[in-house]
Each structure stands twice: as C-alpha cells, then as structure tokens.
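Coordinate analysis (summary)
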Amino acid sequence: MPKDPDTASAGGPRHVAIIMDGNGRWAQARGRPRLFGHHAGARRVREVVEACPDLGIKYLTIFAFSTENWKRTQVEVAGLMSLFRRYIAKETRALDARGVRVRFIGDRVRLDTKLVALMDQLEQQTAHNDGVHLTIALNYGSRDEVARATKRLAEDVAAGRLDPADVDEETLPRYLDTHVLPDPDLVIRTSGEARISNFLLWQSAYAEYEFIDTLWPDFTAAELERLCASYGARDRRFGAVPA
C-alpha cells in the first residue's frame, strides 16, 4: 500500500521499520556465544512493541532473518530457527491480549513446517486485532521479494488478467509481501552499520533513515522515543520546495 506523500504525518512516524543488528557482537563483548545475544534481542522486541502506542506508531516492521543469513554457521541458523519457534509459542497469547496484529513477510518455502505452522497460527489468532500492526520479516530479502512479485505480475499479464499498458509504479506494490501495509516513514538500523542490507528497498523510497551505534539488545523505548522526536522535527518535502 504505497503512501501518498501529501498525506504523510507532520508529527511522528506512523510506520517504523527496524534492522535489528548487533546481537552477536553484544554477546561476544560479554564472552558469551552469539545465540545468547539473539535471545537477548528477542526479549527487547517486547519492550519496543509495548512502547509503540504511546509514541503514535501504528505499524512496526522488524528484520528478524534475511535470505542471506543462511550463510551463517549451521549451529547459529539452527539456534535461530529454534528461537523463532519458542518466541512465537511464548508470545502469541501476550501479543493477542495487547491487541497486536502480527504478519510475517518473506519466503516461507525454505522454513521448516513446524515454524511455518506456528507463524500461520499467530497470524490467524491476531487477525482480528487493530492495535499495533507488527510485521516480522523472516527469510526476507527485498530483491527476492521484488523478484517474486514480478513473477506473479508477469503471470497475470500472461493469463490476460493484467494489461501491460496499465502497469505503472503503483502496480508492483500490489504484488509485494507488504501490499496491505503503508510504506515506512522511518527506518532504524542499530549497531553502527550504515547500510540497508536488502531491507524494504522499494517501500523505503521516501523513508527517513537513522543509523545508530546502539547494539540491538541495548536499544530501549527511550531511544525509540528520541528517534521519533527527531523524525518529527524534520522538514519532509518529498521532492517539493517550500512555497
């Protein structure tokens, strides 16, 4: 659901997307294995989700596992998959009770069936909620998303359901994993890295970016509030100039 720039909020961001980076370094700095940091990072998600309503954040998208993360060691990948299963099983009731609606984006084909079943269950159980809309990017890569979307678009053209003459910049977003979501207003990356790592490339065309040194397990609701206030102070022109 692409956002009309003319309707963008003049205050804080309505949709915040976060690249949650730094779990491994956080753990290693404490002499612990990388998975220890991933568990700490998972606990941090709850605090951030709970802070969103007071900050006016209706949509929160978090980058949990990328299509490139399969290149990590077998031990770490297996540990992450186990963590995702436990997180969903543990948090489903609390998320539903807080009125959070959960969605997952990314390619589920490579994920194990138990994890996919838990993801489906969480989406179904929270589908009636309209509090914070939490989107979890799991086995997600923006280039992969665009490739999958383009394939579906091409199939509709081939089947005669879509006229090529009608394809414009508003067409492709209807095929993206995020088609029911507004575009992000603010994208935050923790851990001091200044790159976007194949995350929401199409959707973030007009987003503001914040690259901060804080490692994800140390990120707090107070820091999120500060970043939202900084966003609200910016003059977002979307290519226009002041009258």
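Below, the structure is looked at part by part. (Residues numbered from 1 in each chain as written. Predicted model: local features only at pLDDT ≥ 70, side-chain atom pairs only at ≥ 80, totals over all residues. Heavy atoms only, no water.)

1. Re the pattern of salt bridges
Applying the stated rule across the entire model yields 19 salt bridges. Linking Arg-189 and Asp-21 is a salt bridge whose minimum nitrogen-to-oxygen distance equals 2.8 Å. Of this pair, Arg-189 sits in strand β5 (residues 186-189) while Asp-21 sits in the loop between β1 (15-19) and α1 (23-28); the two residues are 168 residues apart in sequence, bridging distant segments of the chain. You can call Arg-189 buried: its relative accessible area is 5%. The buried category is assigned to Asp-21, whose relative accessible area is 15%. With its nearest N and O atoms 3.1 Å apart, the salt bridge here joins Arg-72 to Glu-76. The partly exposed category is assigned to Arg-72, whose relative accessible area is 30%. We classify Glu-76 as buried; its relative accessible area is 7%. The network of salt bridges with shared partners includes Asp-21, Arg-25, Arg-189, Glu-193 and Arg-195. (Salt bridge = Lys/Arg side-chain N within 4 Å of Asp/Glu carboxyl O. Helix = DSSP H or I, 4+ residues; strand = E, 2+ residues; numbered from the N terminus. Buried < 20%, exposed > 50% of the residue type's maximum accessible area, 1.4 Å probe, protein only.)

2. What to know about the packing of helix α3 (residues 74-97) against helix α4 (residues 113-125)
The N-to-C vectors of α3 and α4 enclose an angle of 15°; their axes lie 10 Å apart at closest approach. When the axes of α3 and α4 are compared, the pair comes out roughly parallel. Crossing of α3 against α4: the hand is left-handed. For the pair formed by α3 and α4, the contact residues are Met-81, Phe-84, Arg-85, Ile-88, Thr-92, Leu-95 and Asp-96 on the first element and Lys-114, Leu-115, Leu-118, Met-119, Leu-122 and Gln-125 on the second. Split by residue class, the contact of α3 with α4 holds 8 nonpolar, 2 polar and 3 charged. (Axes fitted to C-alpha atoms, helices over the stretch in contact; angles between N-to-C directions. Parallel < 35°, antiparallel > 145°, perpendicular 65-115°, else oblique. Left-handed = near helix turned anticlockwise from the far one by under 90°. Contact = heavy atoms within 4.5 Å. Nonpolar A, V, L, I, M, F, W, Y, C, P; charged D, E, K, R; others polar.)

Bear in mind that shape data such as this cannot, by itself, settle questions of function.
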